[in-house]
Every structure is written in C-alpha cells, then in structure tokens.
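Breakdown of the fold
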There are 2 protein chains.
Amino acid sequence: MSVFQEQVSETAAAREVSSFLQKKRKLFDSQQYQRTFRLDTQKTLSVLHVIGTVLKVNLNRSAPPSSKFFSVKCTPSVQYRISPPPQETAPFSPTPLNGNSVLLISMDRASHFENDSKLSVQYYGEKKEVLGRAILHLTAVEISLDVDADRDGHVERNNPNKGSWTWGPSGHGAILLVNCDSERTYAKQQDSEQAHVSRVSDLKDMSLMVLRTKGPAKLPGGYKLAMHISQGDAESVRIFRAKSSEVTNNPLTQLFYGTFVKDFPLVLSSEVLSQEVPYLGNTAEMNFYVEGLRFPDKDFDGLISINLSLLEPMSAGFPETPIFTDRVVFRVAPWIMTPNTLNPVEVFVCSTSDNYQFLKGMRNLVQKSGYKLKVCHEYMNRGDRWMQDELEFGYIDSPHHRFPVVLDSPRDGKLMNFPYDVLLGPDFGYVTRVANNEVVSSLDSFGNLEVSPPVSVNGKNYPMGRIIIGVAFPTASQGRNMTKVVQDFLWAQKVQEPIALFSDWLLVGHVDEFMTFVPAPDRKGFRLLLASPDAGYKLFRGLQNDGHGQAIMFEGQGEAEEITVDAILKDEILQAENNYVQSCIDWNRDVLKSELGLDDEDIIDLPILFKLPEMNRAVAYYPDMVNMIVLGKNLGIPKPFGPKVNGRCALEAEMCSLMSGLGLSCTFIDDFASYHMLLGEVHCGSNVRREFFDFKWWNLEM
Amino acid sequence: MSVFQEQVSETAAAREVSSFLQKKRKLFDSQQYQRTFRLDTQKTLSVLHVIGTVLKVNLNRSAPPSSKFFSVKCTPSVQYRISPPPQETAPFSPTPLNGNSVLLISMDRASHFENDSKLSVQYYGEKKEVLGRAILHLTAVEISLDVDADRDGHVERNNPNKGSWTWGPSGHGAILLVNCDSERTYAKQQDSEQAHVSRVSDLKDMSLMVLRTKGPAKLPGGYKLAMHISQGDAESVRIFRAKSSEVTNNPLTQLFYGTFVKDFPLVLSSEVLSQEVPYLGNTAEMNFYVEGLRFPDKDFDGLISINLSLLEPMSAGFPETPIFTDRVVFRVAPWIMTPNTLNPVEVFVCSTSDNYQFLKGMRNLVQKSGYKLKVCHEYMNRGDRWMQDELEFGYIDSPHHRFPVVLDSPRDGKLMNFPYDVLLGPDFGYVTRVANNEVVSSLDSFGNLEVSPPVSVNGKNYPMGRIIIGVAFPTASQGRNMTKVVQDFLWAQKVQEPIALFSDWLLVGHVDEFMTFVPAPDRKGFRLLLASPDAGYKLFRGLQNDGHGQAIMFEGQGEAEEITVDAILKDEILQAENNYVQSCIDWNRDVLKSELGLDDEDIIDLPILFKLPEMNRAVAYYPDMVNMIVLGKNLGIPKPFGPKVNGRCALEAEMCSLMSGLGLSCTFIDDFASYHMLLGEVHCGSNVRREFFDFKWWNLEM
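Residues numbered from 1 in each chain as written. Chains lettered and ligands numbered in written order. Predicted model: local features only at pLDDT ≥ 70, side-chain atom pairs only at ≥ 80, totals over all residues. Heavy atoms only, no water.

A count of helices and strands for chain A gives 13 helices and 42 strands. Whereas a compact globule of 702 residues would reach a radius of gyration of roughly 27 Å, chain A reaches 35 Å, over 25% beyond that. On the principal axes, the C-alpha backbone points of chain A span a range of 125 × 55 × 45 Å. Counting over 702 residues, chain A shows a buried share of 61%. Counting only carbon and sulfur atoms, one obtains 49% of the accessible surface of chain A, whose full area is about 27600 Å². Chain A carries 70 positive and 86 negative side-chain charges, and their two centres are separated by 10 Å. (Helix = DSSP H or I, 4+ residues; strand = E, 2+ residues; numbered from the N terminus. Rg over C-alpha atoms; globule rule 2.2 N^0.38 Å. Buried < 20%, exposed > 50% of the residue type's maximum accessible area, 1.4 Å probe, protein only. Areas by Shrake-Rupley, 256 points an atom, 1.4 Å probe, with all protein chains shown as cover. Lys, Arg positive; Asp, Glu negative; His and termini not counted. Charge placed at Lys NZ, Arg CZ, Asp CG, Glu CD.)

Turning our attention to the interface of chain B and chain A. In this complex, chain B contributes 57 residues to the contact, which on the side of chain A involves 58 residues. Summing both partners gives a buried area of about 5000 Å² for chain B against chain A, and 47% of it is carried by carbon and sulfur. Where chain B meets chain A, there are 8 salt bridges. Here B:Lys56 makes a salt bridge to A:Asp600, at a shortest N to O gap of 2.7 Å. For the interface between chain B and chain A, the tally reads 18 residue pairs in polar contact (both at pLDDT 80 or more). At the level of secondary structure, the elements contributing two or more residues to the side of chain B that touches chain A comprise strand 1 (34–37), helix 2 (59–62), strand 12 (224–228), strand 17 (303–312), strand 18 (321–332), helix 10 (533–545) and helix 12 (572–596) of chain B. With 10 residues, helix 12 of chain B is the single largest residue contributor to the side of chain B that touches chain A. Here the residues of the side of chain B that touches chain A sort into 17 nonpolar, 21 polar and 19 charged. (Contact = heavy atoms within 4.5 Å. Buried area = accessible area lost by both parts, 1.4 Å probe. Salt bridge = Lys/Arg side-chain N within 4 Å of Asp/Glu carboxyl O. Polar contact = N/O pair within 3.5 Å; in protein donor to acceptor, adjacent residues only side chain to side chain. Nonpolar A, V, L, I, M, F, W, Y, C, P; charged D, E, K, R; others polar.)

Our next topic: the relation of the copies chain B and chain A. Between chain B and chain A, which share one sequence, the superposing operator has a rotation angle of 180° and an axial displacement of 0.0 Å; the RMSD is 0.1 Å. Both chain copies can therefore be described as sitting about a two-fold axis. Among all residues of chain B, the one whose C-alpha sits closest to the rotation axis is B:Asp299, at a distance of 2.4 Å. Of all interface residues in chain B, 100% are interface residues in chain A too; the two copies therefore contact each other through one and the same surface. (Least-squares fit on C-alpha atoms with pLDDT ≥ 70 in both.)

What follows concerns the pattern of salt bridges. As enumerated under the stated definition, the model contains 76 salt bridges over all chains in all. In this structure, B:Glu235 engages B:Arg294 in a salt bridge whose closest nitrogen and oxygen atoms are separated by 3.5 Å. Here the residue B:Glu235 occupies a position in the loop between strand 12 and strand 13 (237–241), and B:Arg294 occupies one in the loop between strand 16 (284–292) and strand 17, the gap between them amounting to 59 residues. Residues B:Asp522 and B:Arg527 are paired through a salt bridge, measuring 3.0 Å at the closest nitrogen-oxygen approach. On the basis of relative accessible area, B:Asp522 is assigned to the partly exposed category, the value being 33%. One connected set of salt bridges, linked through shared partners, spans A:Asp146, A:Arg157, A:Lys162, A:Arg212, A:Glu285 and A:Asp326.

All names here are of chain A. Taking strand neighbours across the sheet as the criterion, the 4 strands line up as 19-22-23-24 in an open arrangement whose pairing is mixed. The open sheet has two edge strands with one neighbour each: strand 19 (336–337) and strand 24 (429–432). The pairing of strand 22 (residues 391–397) with strand 23 (residues 402–408) spans 7 bridges and is antiparallel. Its bridge partner lying in strand 23, glycine 394 is registered against valine 405. (Pairing = 2+ DSSP bridges.)

Let us now look at the packing of helix 10 (residues 533–545) of chain A against helix 12 (residues 572–596) of chain A. Residue and element names in this part refer to chain A. The interhelical angle for the contact between helix 10 and helix 12, taken along N-to-C directions, is 140°, at an axis separation of 8 Å. As judged from the angle between their axes, helix 10 and helix 12 are oblique. Contact with helix 10, carried on its side by Pro533, Asp534, Tyr537 and Arg541, involves Leu574, Gln575, Asn578, Val581, Gln582 and Ile585 of helix 12 and no other residues of that element. Tallied by class, residues from the contact of helix 10 with helix 12 come to 5 nonpolar, 3 polar and 2 charged. (Axes fitted to C-alpha atoms, helices over the stretch in contact; angles between N-to-C directions. Parallel < 35°, antiparallel > 145°, perpendicular 65-115°, else oblique.)

This next bit is on the packing of helix 10 of chain A against helix 13 (residues 650–660) of chain A. Residue and element names in this part refer to chain A. Contact geometry for helix 10 and helix 13: axes closest at 11 Å, N-to-C directions at 120°. On the basis of their axis angle, the class for helix 10 and helix 13 is oblique. Crossing of helix 10 against helix 13: the hand is right-handed. Between helix 10 and helix 13, the contacting residues are Leu539, Phe540 and Leu543 on the first element and Ala650, Leu651 and Glu654 on the second. Considering only residue class, the contact of helix 10 with helix 13 consists of 5 nonpolar, no polar and 1 charged. (Left-handed = near helix turned anticlockwise from the far one by under 90°.)

For the rest of this paragraph, the subject is unusual backbone geometry. The general pattern is negative phi for most residues beyond glycine and trans for most peptide bonds. Omega for the bond connecting A:Ser83 with A:Pro84 falls within 30 degrees of zero, at -10°, which places this linkage in the cis form. If you trace the backbone, A:Pro84 turns up in the loop between strand 5 (78–83) and strand 6 (95–96). In the Ramachandran plot, B:Asp412 falls in the positive-phi region, its phi being about 50° despite a non-glycine side chain. Note that B:Asp412 resides in the loop between strand 23 (402–408) and helix 8 (418–423). Classification of B:Asp412 as partly exposed rests on a relative accessible area of 37%. In this model, B:Arg523 sits at a positive phi of 50°, which is unusual for a non-glycine residue. Tracing the backbone through its elements, the reader meets B:Arg523 in the loop between strand 30 (515–519) and strand 31 (526–532). With a relative accessible area of 43%, B:Arg523 lands in the partly exposed category.

So, on to the domain arrangement of chain A. Interface extent is often summarised as the accessible area lost during association of the parts. All names here are of chain A. When cut into domains, chain A gives domain 1 (1–26), domain 2 (31–141), domain 3 (147–332) and domain 4 (336–699). Taking the mean C-alpha position of each, domain 2 and domain 3 sit 37 Å from one another. Opposite the 14 residues of domain 2 that make contact, domain 3 presents 13 residues. For the pair domain 2 and domain 3, the summed buried surface comes to about 990 Å²; carbon and sulfur atoms form 70% of the total. Residue arginine 35 is joined to glutamate 312 by a salt bridge in which the shortest nitrogen-to-oxygen separation is 2.7 Å. Applying the counting criterion to the domain 2 and domain 3 interface returns 2 residue pairs in polar contact (both at pLDDT 80 or more). (Domains from an automatic or database assignment.)

Residues and elements named next belong to chain A. With 25 residues, helix 12 extends 35 Å between its outermost C-alpha atoms, agreeing within 8% with the 36 Å of an ideal straight helix rising 1.5 Å per residue. Of all 25 residues that make up helix 12, 18 are buried, and the element is covered over most of its length. Where helix 12 starts, the residue carrying a side-chain oxygen 3.1 Å from the main-chain nitrogen of isoleucine 573 turns out to be aspartate 571. Glycine 597, located one to two residues past helix 12, shows a positive phi value of around 65°. (Expected span 1.5 Å × (residues − 1).)

The next subject is the environment of A:Arg157. As for its placement among the helices and strands, A:Arg157 is situated in the loop between strand 9 (130–146) and strand 10 (174–176). Counting along the chain gives 184 residues from A:Arg157 to A:Thr341, while the straight-line C-alpha distance between them is 39 Å.

Our next topic: the packing of aromatic side chains. Taken as a whole and judged by the stated rule, the model has 52 aromatic pairs over all chains. Ring centres of B:Trp697 and B:Trp698 lie 5.5 Å apart, and the angle between their planes is 80°; this geometry places the pair in the edge-to-face category. Residue B:Trp698 is classed as buried on the basis of its relative accessible area of 4%. The rings of A:Phe540, A:Phe554, A:Tyr621, A:Tyr622, A:Phe641 and A:Phe672 are connected pair by pair, giving a single aromatic cluster. The residue whose ring lies beneath A:Lys128 is A:Phe69, and the NZ or CZ to ring-centre distance is 4.8 Å. (Phe/Tyr/Trp six-rings, centres within 6.5 Å; stacked < 30°, edge-to-face > 60°. Lys NZ or Arg CZ within 6 Å of the ring centre and 35° of its normal.)

Residues and elements named next belong to chain A. Burial analysis of strand 23 places 6 of its 7 residues in the buried class, which makes it a mostly covered element. Hairpin connection between strand 22 and strand 23: a loop of 4 residues separates the two successive antiparallel strands. For the handedness criterion, the β-α-β arrangement of strand 23, helix 8 (residues 418–423) and strand 24 is classed as right-handed. (Right-handed = clockwise from strand over helix to strand, strands pointing away.)

It is worth spelling out the side chain of A:Thr36 at this point. Note that A:Thr36 resides in strand 1 (residues 34–37). At 2.4 Å, the side chain of A:Thr36 forms a polar contact with the side chain of B:Asp590. Among all residues touching A:Thr36, those that are not within four sequence positions of it are A:Lys56, A:Arg61, B:Asp586, B:Arg589 and B:Asp590.

Below you can see the structure in the form of structure tokens.
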C-alpha cells in the first residue's frame, strides 16, 4: 500500500472523480482520444500519459483466473471511471467483474516528476479474497503543436480547429507562404531553393509553429517526440526549428551571417519525412518555421498536414509506437492578381533607342499622378519594349506577412531575365511555369492576362475579381492558345476563378487590345471599356454629317499615310473587316456580361477601328485607345492622331467626354512610331505594380 | 411591306407578345442566354436563332444619323421586348429612341423553313419621317444535348441541371464508366485501349448522350453544329456517334462484325478536341456514346464536360463563331470494393502440386455454401498460391450499367498474368497501377487491402464502408509501405475513404493477418474480429488451470514440433513477443474504433499467438484463425491444430463458441503444410468476388 498517499480517503478521491467526470464526460465518452492500455498483475507498469487523452483498460484481460470482483485506488492527480457504472454497493465494497468491465483513466495536470501519480486495481475471488493487484505508475505531460489557426497573426494555444481548414470569415486553419522571394540581392536564388535558413529575416516569410510542452524535466526513459509529414506533402513544405529561443530575439546575431544554418536546423523535408524533436522539459515552447515550397497547381490542392507524435518505446529493435498525435493543417496562399481599380505603387517601362517621346509622356503622367517610375534600361531589355508581356505582378498574403510576387511568362523574349534578375529580391517573390512540351505562342504574353475588379455574379461574390485570359474559340480545330501549364496554374489558385475570352481573332492576340477596366464612382465601382468599331463608325459618320468629311487622320505622322474621314467611310473592305471585329468583340462582351454579372450600363464602347492586314487577324487601325494605363483617376491613353475638328482631335475629345463623366482625366501619350507601328500600345509597353487588396483571400466563401 | 404577313394585326401580335413576356420574363431578364446582335439598315440580315436564347439589339448602334424614333414589327412567331419600356403613346405611334434603347428578340417555336420569320425596325427623324429600316429574317431551331442527369437510366429532355454535378439523393449530373472491360475474349485488350467500337455490345459500357434538334430540314447556309471538349478532359474521355439510329436496333447487324467501325465514327478524343456533327433536320435525335478512359486519381477529380455549340459562319478564312453552347457534365464512376458482409458470387483458389488437402476443404465449403468455386490451375499460377495478394475484386456502377473490375496489384508474382489473361473479359473490367520509381514491397499485396462494412462515424455515413490498408508507422524513419501510386488511386476514388493501419510489425505485413469482418444479426450488422495474444494466453492459462497443461499442440503435424500448453505458458520469450504483438494490435484497434466509430462490443478478440522468428517481425504461431474466408454465414477458418480437451481442439471450440452467438458456422480447413508453413492461411490463398452494394455511390452525401 506504500505506493499510495494513504492520507487521501477514497471518498475524497471519489468526490474529485465525480466533479472531474462532469467536466470531462465528453472526453471519457469520445472515441477519439481513447487508447487501449493493458494492466499487468505480474509487474508494476509505468506509462507516460498525455493530458486530454484517456487510457482504456479492459479489466478482464489482466484479471487473474477466477477473479469475480475488483477495486480501484489512485492518487488525487488521477481520475477514473468504471464502465458499465457499478451498481450502488456498500462503501469500500469491491465491484463485480464482468466480461466487459472497462476502466477509463485520465489526468488533468502535468506531472512535476516522473511517476508521481499512481493507480492500482485489486482483483478478488468469489469470497472476496485478494487474487492479485495491478499497479500503474503514471507521468502526465501536456503536448500541443500550435499554429495561427484563427488567422490573427498570433499562434494561439491549442486551437480545437487547428487540424482542419475551412474558408470564410468564420473559417479556420493556418496559412503558409511559398518562400519565393530572395533574401539576398546578389547571387540571387529563391529562398525555397535552398534547404537552410541563411538570414534571420527569412524567418518572417515562414509560418511560425510552436510546440508547447509541460511536464517533468525529462521524458521517462525511451519516450520521444517526433514530427512527421506524408510523402505527398513533403514535396511542398520544409520545416526548420529554432535551436534556442534567444536567437531570434537578439539583434546581434543578425550580424553573424554564418551562424544561422546551425541555429535553425532543418527538421523535415522531402528527404526526411519524420524526425525526433527535443523535449525541453517543465513548461517550454519550441519554435518551428514552416516554409511553403510550391503554389497550388493541378496536382496540388494547397493543403498540408504536419504531425507531432509522442513515441512510446518498445524493446530494442522494434519501432517506437506513436501513442498520441497532434496535427495541424496549413493551406498554401494562392498567387493573387491586382486589378486596375487598386492604387498603383510603381510603374515599369523600358527605355529603348527609339522611344524617347513615349518615355517622356509616361514620365510626366506618372510624376503628375504621384507614383514611382521604374525604367528598365537597354542593357537589360535588349530592345524588348513589351514590359506588359513578360510578366504579371501579383502578391501572396497571410495573416503574418505578405509581399509582391511576379509571375514570369513562358514568353521569354529578350526581357526574359528582368523578372528574376531585377524584380526578385527580399520580400519580392518570383514564380514561373515552364512550357515543357507545349508550343508557346503570342497568347502566352501577359497582355493576354488581366483581372477584373471585384464583382458579384448571380449571388456569388468574387471580392478579388476574376482573372481574364484570351484563347481561341473552343470550337476551333486550330488556333493559338495560352499554354496549359499557365492555365492550370491560374485555375489552381481558385480565389479569382478565371474566364477565357476569345482573343485569337487578333494578330497579336491579347485581351488588352480590346478591353480594360477603369474605376468609377458609381454602380459597381468600375466600368468595362470595350473597343468598338461600331462606335468608331458612328463617330466618323457623325463627323461626315457635320461637314468634317475632309478632316485628316494621322496628320503629320510620317509612319502612316494621311487619310480623310470620307475616305475611311468609303472603304467597304475596311467596313466589312470592322463588322467582323465587332462581332468578335460582341461575343466577348456577352461572355463578360454573363461571367462578371455586368449590365450594358457597366460597359462603355470606345470608338476604335481595326484592320486585317494578314492571316485574317486584326490589328488596331489607329492607336488603340483601350490599351491604356490606369493610374488611379489618371489614364495614360495612346494618342490616336484622329481627324481634327476646330483644331482638336475628335477621337481624343470623345474619349475625354466619355471618361470625364467618371471623374477620370485623360492624358494622351504619343506611342505611334515606337509602339503602335510595332503592333502594341501604352499598356503593352508598361506594367504597374499595385497595392494589395484589403480583402483577405481566406475570407472568401467557397 | 411584302415580307410581312399583313393579315396579322399589330394589336394581335402585341397581345401575343404580352402573354409570351409573362411566360418568359425570366428568360428576357437573364444575362445567361442573351446574345448581342446588330441590325443593319443597309441590308437585310438573316440569323439562325436558338429557342431559349434572346437576341439583344442596341437600337442606337444601327440607327441612321438623326434618328429620333423607332417602331418594331414582326411575324407572330417572333416575340420582342423594348427596354427601357416605352411610355404609353398613341397606338401605332413610334417610340422615342434614346442612347440605351434595347430590343430583346426571342422565338418559342422551331421553324419549318429557313427564314420563315421576320422582324423589322423602322427609324424616324424629328418629324417622324422614315430614315431607314432594318430587316431581319429569322430561322429558329431547338438544340439540346441530353444526358441522364437525373440518374434514372434514361436520357431525359434538356434537364436544367445537366451542366453541373452534385452528390446525394437529391443531387444531379450524369455518370460515366471507365470502359475497362474487353468485349473480346481472345486477343484481349481493354476496350478503352482501342479508339473504335468493335462490337455493338460495347456500347452499353458507354453513357448514352442524345443530341435533340428541331428546325428546318437543313441549317441555313454556313451554320454548323460542333461538339468539343477541353484539352484536359480529352485525356479521360472519348465520344462516338451512331451513324444511323437503325444500327443498334437491328440484331442482324451484330453479325457483321467488320461494319461497326464505320457505323460508330469517333467524334472526339485526345487527338480531336472539336468536330462538326451533322444536323439531321426537322425533329431528330442523334445518339452519341461517351466512353470513360481513366479512373479518378491524384491529378483527375473525375469530372468531365462535353459541349455542343452552334457555329455561325463568318467570311471565308475566319473561324466560325459559337453563338450558342449547351454543356453536360459527367463524373467517372469510382472503383468500389466489396466487404465480407456482401454475398459471395465466386470463390477463387489456386491449385498447386501440394495443396490437395486445402483444395478439398475449400471445395466442400464453397459447395455447401452454394457458391461457385473457380480454380486457377498450375499452368497459369506457376506455383504462386496467393490468390488474395495478386488482385482485389471491385466494381463500377452507373444508372445504366455496372460490372466487376479487378484491381491488379503491382506485386506481380507468378500469378501476375491471371487478372488480365483470365478475369478481364466482356463486362469484367481491369485496372492496375504501375509503380514506376517506387520499391514494391510485401505491403503491396492485396491481403493488405480490405474494406469495412458500412459504418457511421460521428454522424458521417460511409454506406459502402471504408477501405483499410496497412503501412509502417508514419513516425518510422524506415519501414515498408504500400506504393504511393496505389494509395493515390485508392484515396482518389473518394467513396470509401481509406484508413491506414500499422501492419509493418508483421513479417508478411498484411492487415488480413490480424483482422477481418464477419456479418452479425445485431448492432451494426457486423463484428470486427481481431487476433489477440491476450485472449490466446487467457485461453491457455484457463486450460492449464483446468488441468489440461499437458494437452498437445500441432498433434500429428509433421511440419511442426508438438508442444504442450504448459511449455507454451512457460516460454517467457514467447510471452514477451506476444505482449509486443498485442500492443501493435491494440494500436490498430484504437485507430479502427475511432475511424469506424466502433465500440468494444463491436469487436471480438480471437485467441491467436504470434512469434517473432526474424527481423523482429511477427508471424502466426499456429494457423491464424482470423485469416478466414467469409461466405455468408459460413466461415472457412484455418484449422489451428490446438490442444485437445476431451478429443476436441480447444481453439476450434472457442472459435465456434464465439461465432455461434452470431449465427455463424465454422468450417476448419487444413492449410497447415501448404499455406501456414509458407506464412499464409486460408484468406491469403483465396479470393471472393461478391455481389454489388444496393447503395448507389452517387447518393453519398459528400
């Protein structure tokens, strides 16, 4: 009897058990946390018990032959329940043992010392003579693998929902960033490419995960903690550990660059799926840093589970048994695009030997608007002026951190090194998709990848808009397309569900040749602008009607032959070509109305004519005003060089009139020789990095 | 005016329009089916109109300059609506034209002849003088691509839900089978491997899809119908067309084997993503046959869309414009396993040079139970007797057809050709997964792949049970596993969500070495049987207590040394080994209880001892009674050759006593020399093809 604190009367213990049982009835009743455990009347057993779980003992299994009754005693730190509940009997009278007698054992406080708690079961024969006693020594620990499952930027304690992931404002589950930026600015490499932590600053791109433990100074002999992931998840995640909690708090250590690799040892990776982690003893927290390695894609839904198990020793040569597993789930943050309605941060253009006029116009516009202009010089762009086409700016977001990420197109023109060599850097990520066995066409340029402002369509909300790409008609037996690798990537991000338009009717084939979005103070907060030959002809016929038939287009532009309004209207081939173009744009108009939930009042038709010089595919007849740059309320529009009425270009006047109703100011930029004649315009030749959405993607209702 | 049927007064037409508008207000108000259309005052236009859609005309676009009013006239077959609705004006008085005047045009009956319907818009100037007239000739067609979206085995007409797929008894969406059987029985090949229909009987493995059209005898010049699928879906589906509706109805044609290829031309495949399909004219139905090519897997969610578009001609050299698209969605049926609680159909065993005794026992049992025994002879099994391990029987199901499908293991022992060469045939499908860069271990044998009976777990129903596989502990740094390709396949089927147990503690490593399910008349309809060394020791100690310590095991079995009960109980090493085994089984017991929602009362412990001869991995000490074959209420159990009490084997007696409570009858089969000594038993050496579930997988609530 010496193993028990005799001063605790059994009735006092019974009271405590009763109160505990009410508190923890749910725990005892749940299957989830019950562990089958065996007692032994031959020898004293020791067990490490995890707070929050229940040991379930089949009393019959360990009963000596001929046992008919049993009784249970324990120290106050231990709670138990007998099932089926014993009938009321006299106090201290043993309970009848039957075939399915079960003892549930639990503890609610961590132990200070090994084996500081005890329980015994005594077995009796027919005449209540003692036949044997099974003694159990218990040590209790608290173990919790913790993440920011409530998405407030802090790692809370043992969130009950940490093991699953749901969308929406009342959703839960932690978030992981792909560590696709580069802490280094020279000899760059995406941080996810290297399997070590080279700078402390890199830790903020990872998700903090905390292992909280409470118990004796050391685990009982042979018990271990192990962290583990599945083979499938290991392709997408890497886990580092903070060797000591001091490191990150001490700014001095940031000076000693070389020391971090060993301060943050790699725990799990595709090479190591399971590894022991230290138990620090007493009340302790150990920090882990979880690094995302790949974006969601066709074969990866973005969800990752990380497990922490307590291992119980077997004999030498046997694998340890995981007797308790805590599990957390992360979702990898998607890549998010930013529509024209978000405020700009930086504007990017190329400087070439022949675009001084354009550059000057852009510089003035950007300065006036109060943003930063970044010029990519010729040593880098090697004459490739299509800043829009080589890359798309986006970002990734989590409750703890967010940063811009450039999507590099498989286009790979002479600007191909710009995204990696210039943009990639600290807190500026990079992602690309390589078209392995696919033909890369002009439709892979990112003038063909846009995103709408936030919309609501038949009750479904897209608070971050919808991605828009251009392809061939799905019914066309031949036609150009965007590569499947890029399309798969875009669809897999999920939060801006893409729409495929028909852009293969254009020689260059980009959606930005016939559409854009501008902010508006009313209605849905924006307007869709569409190129419209009908609107163009209407304007030209109106000019003719008003006696301006002899007004001249392309006046003084050496690159294009001057032509009168009358001559344009007389050109029946041009009219037929534009009828065709209008039908192509109308087809897209119908898709956009349906997929973005737009009314005709949400759309403005811009007077733009096209022509079909070759391959039966269209190019803009004069600078394509819809191919504009949108900087807040300031629009940078290709100067159309239209017919002049009273000294003012009628196309510019119409454009200004249409936009001024929305409070937008038009600046016309001369891109005629350096862009328009090369089949692009202002938008094709620029790119804008914008502010992030206030809306958090994880609050989407899916 | 001659184009109009003058006898129809405009007021009569107006009445009809008003009634139509009430009926079809929803159609006119919906964005979904509206198509932007342009009128022309310069020339008469013709258009093919699809019933159920709306043409939307911006009246301003085609208005001659200075137009201030307009009026609309049409034949009774045409309905229109003006938006914004015109103010009440005098009858026949034209409507004022403003910037956003829109005309919505619809038709509700298919045309008998091309251009048999007309509509005109007349434009007026300030003084109501006629400025121009736009005339439109209309031809109406009905087009519907139809499938069995309500899952009743019949292709209904234009189901409004055919374009999406949802689970559950009130769900919708059509179902597709993988055409993985072989209509031929010689020179076999899975039908999905060949891109043609070789026999009419193959059509029933495909899903019928009907194109219903109604309209004039021919489509107006240049209009076409085209069927199309996406590049992604094309890997998973193939579509054939019935050239004439006679073929399938005429049994005589079945005699002319060679004619079917041209009777059922291939329409769509991975080579052809879009193809024109004929318009039959008047009221017609054309049958298509949709063939599934691959099962759901890690990179394929099982959903496939098929589109049918009406193409409008452009000028020569331009792609035709899809002006209407109808879309249907299929889900590929998952591969489904059959638990022991389903009735057997056929029992498979191998005949070898040394298993006569076993075969005789099996033959008696199967005949007694009333099922068919199929013996795989030595020329085929080449000495490989492990019929359980090379394959798993399952099936696929759809509302129109279902058949068994064998999953061939990557184990590939000498039985490797049996599933393909013997089982594959008409209405008997085949599927396998090839472990390309993975190590295939003993855990890839399908004695390690089982399925539970239907269960309900914390309110979640699994009406077809849950798949059970065995692997190493997830925390083990080394250990054998089931190949990832097979695991990915099993998880992707979704309808029997798998559970991973720990089986790597066994030398052979199969879950069927320590567990099985038997039917039961009460509780959940089944019991989980678990091997239990504790129950074994309890039984042996009871024998000893009752004075049978000198009873002999393995009596008369030359292959194993005889041993007494006393000697077994005295062997401390054996006891220690069995304590370890019990802890491994208890670990699995806890997982099974939690994942299948079982109580202890749902589990029966069978008295079975193990030993650890090598590699610290366990094998059964005597024939492993849990490794049984379950044929309805008859169990075929390895004869344990246990100690005899009063001439009867105590292990058999205990087994019979445990099972008789469930109304199950035990037949003990001598597999000692030919299976047990080779580390397998009755279950390992047999396989059972069972009846299908009554439950339909698409009725699952996901």
